[in-house]
Amino acid sequence: MEKNLRKWAFYGFLFGLAVSILLVSNKVEGGSITQTKPVFDYILSLLRYSISSMFIFLFFGWRMSEGKKDKKEKRYYLEFFLIVFILAIISSFIFEW
């Protein structure tokens, strides 16, 4: 199972990196002047989206491997994940990350 989760995480990171390279702009528009972002800020924004997609893929991979086991007892992983995810989104808006 651990090897399977590593694959999900690696492919999720690569997918997020590819999509963020396509969608994240390195230009900053301010009035009539267009400037480029510093390289460090651009790389950090790419990594932020890549790591976010890695965790999403990791969660889906974990759920798929969890479905193969016998479900004898109720586990609250999904509820806990949703609460942490919502709190992370709210805190990112509060701190303007």
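Refer to the structure presented above.
Residues numbered from 1 in each chain as written. Predicted model: local features only at pLDDT ≥ 70, side-chain atom pairs only at ≥ 80, totals over all residues. Heavy atoms only, no water.

Trainee: Any chance you could explain the overall build of the protein chain here in plain terms?
Mentor: Summing up its helical and strand segments, the protein chain has three helices and two strands in all. Going from the N terminus to the C terminus, the protein chain shows its helices and strands as α-β-β-α-α. Across the 97 residues that make up the protein chain, the buried fraction comes to 18%. Taking all contacts inside the protein chain whose residues are at least 6 apart in sequence as the whole, residues at least 24 apart take part in 62%. Carbon and sulfur atoms form 68% of the exposed surface of the protein chain, whose accessible area is close to 8200 Å². (Helix = DSSP H or I, 4+ residues; strand = E, 2+ residues; numbered from the N terminus. Buried < 20%, exposed > 50% of the residue type's maximum accessible area, 1.4 Å probe, protein only. Contact = heavy atoms within 4.5 Å. Areas by Shrake-Rupley, 256 points an atom, 1.4 Å probe, with all protein chains shown as cover.)

Trainee: It is not clear to me how a nonpolar patch on the surface should be interpreted in this structure. Could you clarify?
Mentor: Together, Val 39, Phe 40, Ile 43, Leu 44, Leu 47, Ile 51 and Phe 55 line one region of the surface with nonpolar side chains, adding up to about 660 Å² of accessible area. Following the sequence through the fold, Phe 40 ends up in helix α2 (residues 39-66). (Patch = residues over 30% accessible without salt bridge, like charges linked within 9 Å, V, L, I, M, F, W, Y side chains within 5 Å. Salt bridge = Lys/Arg side-chain N within 4 Å of Asp/Glu carboxyl O.)

Trainee: In this structure, what is going on with helix α1 (residues 2-23)? I would like to understand it.
Mentor: Given 3.6 residues per turn, any residue in an α-helix points the same way as the ones three and four places further on. Here α1 contains 22 residues, and its C-alpha end-to-end distance of 31 Å stays within 8% of the 32 Å for a straight helix at 1.5 Å per residue. Those residues of α1 that sit buried are Leu 5, Ala 9, Gly 12, Gly 16 and Ser 20. Each buried residue of α1 lies within a common arc of 65 degrees when the element is viewed along its axis, so the set occupies one face. More than 90 degrees from the buried face of α1, the exposed residues found are Lys 3, Arg 6, Tyr 11 and Leu 22. On its buried face, α1 sits against α2. (Expected span 1.5 Å × (residues − 1). Arc of directions from axis to C-beta.)

Trainee: I'm lost on the packing of aromatic side chains in this one. Help?
Mentor: Aromatic rings in a pair are described by how distant their centres are and how their planes are angled relative to each other. Taken as a whole, this structure holds five aromatic pairs when the rule is applied. When the centroid spacing of 6.4 Å and the interplanar angle of 55 degrees are considered together, the rings of Trp 8 and Phe 57 count as tilted. With Trp 8 in helix α1 and Phe 57 in helix α2, this pair connects stretches of sequence that are 49 residues apart. You can call Trp 8 partly exposed: its relative accessible area is 26%. Here the basic side chain of Arg 48 rests over the ring of Tyr 49, its NZ or CZ set 5.3 Å away from the ring centre. (Phe/Tyr/Trp six-rings, centres within 6.5 Å; stacked < 30°, edge-to-face > 60°. Lys NZ or Arg CZ within 6 Å of the ring centre and 35° of its normal.)

Trainee: What exactly am I supposed to notice about the pairing of strand β2 (residues 33-36) here?
Mentor: Side chains on a regular strand alternate between the two faces of the sheet. Here four bridges tie strand β1 (residues 27-30) to β2, and the two strands are oriented antiparallel to one another. Of the residues in β2, the one forming a bridge with Glu 29 is Thr 34. In this antiparallel pair of consecutive strands, β1 and β2, the connection spans two residues, and Gly 31 shows a positive phi of 70 degrees. (Pairing = 2+ DSSP bridges.)

Trainee: Looking at this model, I keep getting lost on α2. Mind explaining?
Mentor: Given a rise of 1.5 Å per residue, 28 residues ought to cover 40 Å, and the 40 Å separating the end C-alpha atoms of α2 matches this to within 8%. Along α2, the positions that sit buried rather than exposed are Tyr 42, Ser 45, Leu 46, Ser 50, Ser 53, Met 54, Phe 59, Gly 61, Trp 62, Ser 65 and Glu 66.

Any functional reading would require information that these geometric values do not contain.
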